[in-house]
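Summary of the model geometry
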Amino acid sequence: MPTLEEYTAEIAPLWDTHWLTNRGAKHREFEGMLRELLGVEHLVLYTNGHSALEGAFDVFDMHGKVITTPYTFTSTTNAIVRKGFEPVFADIDPRTYTIDPQQVEKLIDDDVCAIVPVHVYGNLCDIDALQQIADEHGLKLIYDAAHAFGVSRNGVSAASFGDASMFSFHATKVFNTIEGGALCVRSAELEEKLYQYENFGLTAPEEISYAGGNTKMNEFCAAMGICNLRHLDDEIAKRKIAAERYWSNLGGVENLDICPPAEDVEPNYAYMPVLFNDGFGATREDVFEALNAEGIGARRYFVPLTSQAAYFNGAHDPADTPVAKYVSDHILTLPLYADLSVEDVDRICDIVVSCGAKG
Ligand SMILES: *Cc1c(COP(=O)(O)O)cnc(C)c1O
């Protein structure tokens, strides 16, 4: 959070204008800051990232099946289902935990209209391979970039890949607007249509064109975004110190996989995934409980695979995505935030390593 003083100064003008939502001054200012930071021309702000992802399904002229990953937060799959599309689950790459382009290609048929990959933990997907597949088969490419705010590859931000990229500004993410999100698209027409969709489908004050909903960002959230953007570099720089300490402590431990960023990527240090392979000497559950006993909140993230949601009634066999199943069964994300001290990182790593040594 920004300081209370910084935030109150930011929202004070709202008491003069009484303009609280519907593309007010803060909304427009925040949009402009994001365009510049992300290096994209066209984006729309939302009440949350989930709504931003659903927005993509409103404006692209498509229907049928959507190839996606089961190794994600349930929002990705729910958006596909809620918008009336049928998800088809492709397995993931064992190094980046992102969707495997070769598996995507195997699942393409005439009914497939889009690919929805996820930059899991801020690891960028195999963007070039996915774009090539999408181009070859005429598929839309819609990225769930909820984890990848502030991530770029060779200086090009994650916002600019595919037909659309969704960011989440939820309170738990690297950058937040309390709740919030954005969808980055490639044309002014799409941008306008997305805004109309999130404002009841109104195309003029007395003209109802689409069955839109209401998912606009309000001025208070935009003001929070303006404040927090000022501190983004500092947030990421502090996370980097903690993340590098984890990697240096855990990098040499046998049968334990850490997941450092690819060399051409400028990361955001959003999460600290650690995978406990079978030879480690302790199971993921053992480590989870040992950390919990010390009051350290690691997460089994992502468990379960989204293909195992109860609403599918067992329609998707986890054995069809064996890598995703293995990772979901063996991974923990360890605490990582800007104010985490290296002493605390060392303490967490000591517990993790001693779990393995006991085995
Ligand atoms: C957080 C998250 C979402 C949803 O974003 P909200 O802003 O919470 O609606 C979607 N996908 C992934 C991968 C996420 O981590």
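Residues numbered from 1 in each chain as written. Predicted model: local features only at pLDDT ≥ 70, side-chain atom pairs only at ≥ 80, totals over all residues. Heavy atoms only, no water.

In the vicinity of the ligand, 16 residues are found, and the nearest of them are Gly49, Asp144, His147, Ser168 and Lys173. One nitrogen or oxygen atom from the side chain of Asp144 is found 2.7 Å from a nitrogen atom belonging to the ligand. Note that an oxygen atom of the ligand is positioned 2.7 Å from one of the side-chain N or O atoms of Ser168. Summarising the interface, the protein chains cover 93% of the accessible area of the ligand, which totals 380 Å² for the free molecule. If you list the elements that add at least two residues to the shell around the ligand, you get α4 (49–59), α5 (74–82) and β8 (164–168). (Near = heavy atom within 4 Å. Polar contact = N/O pair within 3.5 Å; in protein donor to acceptor, adjacent residues only side chain to side chain. Areas by Shrake-Rupley, 256 points an atom, 1.4 Å probe, with all protein chains shown as cover. Helix = DSSP H or I, 4+ residues; strand = E, 2+ residues; numbered from the N terminus.)

Moving on: helix α7 (residues 127–137). Taken as a whole, α7 has its buried residues at Ile127, Leu130, Ile133 and Ala134. End-on view of α7: buried residues confined to an arc of 130°, all on one side of the axis. Across from the buried face of α7, at angles greater than 90 degrees, the exposed residues are Gln132, Asp135 and Glu136. Along its buried surface, α7 packs onto α6 (101–106), β4 (112–116), β5 (140–144) and β6 (152–153). Immediately beyond the C-terminal end of α7, within one or two residues, lies Gly138, with a positive phi of roughly 65°. (Buried < 20%, exposed > 50% of the residue type's maximum accessible area, 1.4 Å probe, protein only. Arc of directions from axis to C-beta. Contact = heavy atoms within 4.5 Å.)

This next bit is on the sheet that holds β6. What the three strands build is an open sheet, ordered β7-β6-β13; its pairing is antiparallel. Here the strands that pair on one side only, and so sit at the sheet edges, are β7 (156–157) and β13 (265–266). Two strands pair when backbone bridges link them, and β6 and β7 are joined in this way by two bridges, in the antiparallel orientation. Bridge pairing in β7 places Ser152 opposite Ser157. (Pairing = 2+ DSSP bridges.)

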